Amino acid sequence: MMIITQKITSLAFEIHDGMFRKDEELTPSQRGLAVRRMPSLLEYVSYTCNFMGILAGPLCSYKDYITFIEGRPSHMSQSSENGKEEPQRERADPSPNAAVTEKLLVCGLSLLFHLTISNMLPVEYNIDEHFQATASWPAKATYLYVSLLAARPKYYFAWTLADAINNAAGFGFRGYDRNGVARWDLISNLRIQQIEMSTSFKMFLDNWNIQTALWLKRVCYERATFSPTTQTFFLSAIWHGVYPGYYLTFLTGVLMTLAARAVRSNFRHYFIEPPQLKLFYDIITWAATQITISYTVVPFVLLSIKPSFTFYSSWYYCLHICSILVLLLLPVKKSPRGKSTQENVPLSWAKKFDERENSLGQNSFSTTNNVCNQNQDAASRHSSLTQ
């Protein structure tokens, strides 16, 4: 239901953008993903209920899916040395066997870790009365991080397996990197190394549940008329379900995201040089990020409201208080549009995903912009001229 909800709402907005809004009103990503004609019933059902993503997704754009399912060739782009895109001659999609094998290996290791280590480090032990009464603060912080680290492999397993299934069917190719290596990450949902080595809240969110973050950005953040960060976190909580723990996590996430952005914008530039100082800064921010993320998502795992408040009480709501003080005391920098940087923070997503969609042929829609059939292109040009 969660995946189908994403697909239906995504397609609805893409049709709305393509058929009922003017091109100049759209962002570059909205313009590229816009659907210019109403899908047939078969196309709609195929997109929402295809066997590759019916259970665990991940979400993909309608145009990417139709391009794949109809077997149209893709005009890909390739990253050059200066980071810009260079046009690449039309090439057949390479074999996905290597990518699928690698992802299945990651699935096996994640499943093994989950079935062995994860059960030995339950998150619930963070609220054990004896542990709370006897453990020192360093011990509490260490176990908090380790227990939430052990809870992640089940997500790594599910999302990587879903990605591998799509790749095995031939879906997910996104061109070649600067070394000519095929990239099968068009609809990948996570980057494990970047997650575990995150030195900021932004970096963690950028690499965790990527397709859902893109969906939230496209259907909510870009379209919100006020407080887009709060609205987007709230939508994410509703989408996950009705457990109180989800709402505690995402409300806490709003606070942590804004506070982390404020700290980063005010202090990071002091630690860029020399390299030794930057290394020290990275180590400190890695530790702070991992503890903050773990602190934030405990209610997401515990689900119920009483154990969640028991956990936060045992920590004296210290990170909530620190975040509020940061937002009250640190200066709020203004963006070029006149809004504060704290209000502009798009769950750390908008800037990053605009860059991501502009790289490698603009991510999702790059593989379709140049491959739409001639009739659809002609209809689009006619519509623009009429407007």
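Preceding block: the structure.
All of these numbers come straight from a predicted model, not from anything done at the bench. (Residues numbered from 1 in each chain as written. Predicted model: local features only at pLDDT ≥ 70, side-chain atom pairs only at ≥ 80, totals over all residues. Heavy atoms only, no water.)

Caption draft 1: Molecular detail of the packing of aromatic side chains. Counting across every chain of the model gives 30 aromatic pairs. Look at tyrosine 295 and tryptophan 315: their rings are 5.9 Å apart centre to centre, the planes differ by 65 degrees, and that puts the pair in the edge-to-face class. Of this pair, tyrosine 295 sits in helix H14 (residues 275-302) while tryptophan 315 is found in the loop between helix H15 (305-314) and helix H16 (318-329), placing the two residues 20 residues apart along the sequence. The two residues tyrosine 295 and tryptophan 315 agree in class, both being buried. Put simply, the rings of Trp137, Tyr295, Phe311, Tyr312, Trp315, Tyr316 and Tyr317 touch in pairs and so form one group of aromatic residues. Above the face of the tyrosine 47 ring, lysine 7 is positioned so that its terminal group lies 5.6 Å from the ring centre. The ring of tryptophan 137 has lysine 140 lying over it, and the distance from NZ or CZ to the ring centre is 5.0 Å. (Phe/Tyr/Trp six-rings, centres within 6.5 Å; stacked < 30°, edge-to-face > 60°. Helix = DSSP H or I, 4+ residues; strand = E, 2+ residues; numbered from the N terminus. Buried < 20%, exposed > 50% of the residue type's maximum accessible area, 1.4 Å probe, protein only. Lys NZ or Arg CZ within 6 Å of the ring centre and 35° of its normal.)

Caption draft 2: Region of the structure containing the packing of helix H7 (residues 137-151) against helix H8 (residues 153-168). At a minimum axis separation of 5 Å, H7 and H8 run at an interaxial angle of 25 degrees. It follows from the interaxial angle that H7 and H8 lie roughly parallel. Of the residues in H8, those in contact with Leu149, Ala150 and Ala151 of H7 are Pro153, Lys154 and Tyr155. Tallied by class, the residues present in the contact of H7 with H8 amount to five nonpolar, no polar and one charged. (Axes fitted to C-alpha atoms, helices over the stretch in contact; angles between N-to-C directions. Parallel < 35°, antiparallel > 145°, perpendicular 65-115°, else oblique. Contact = heavy atoms within 4.5 Å. Nonpolar A, V, L, I, M, F, W, Y, C, P; charged D, E, K, R; others polar.)

The values are spatial; any link to function lies outside them.
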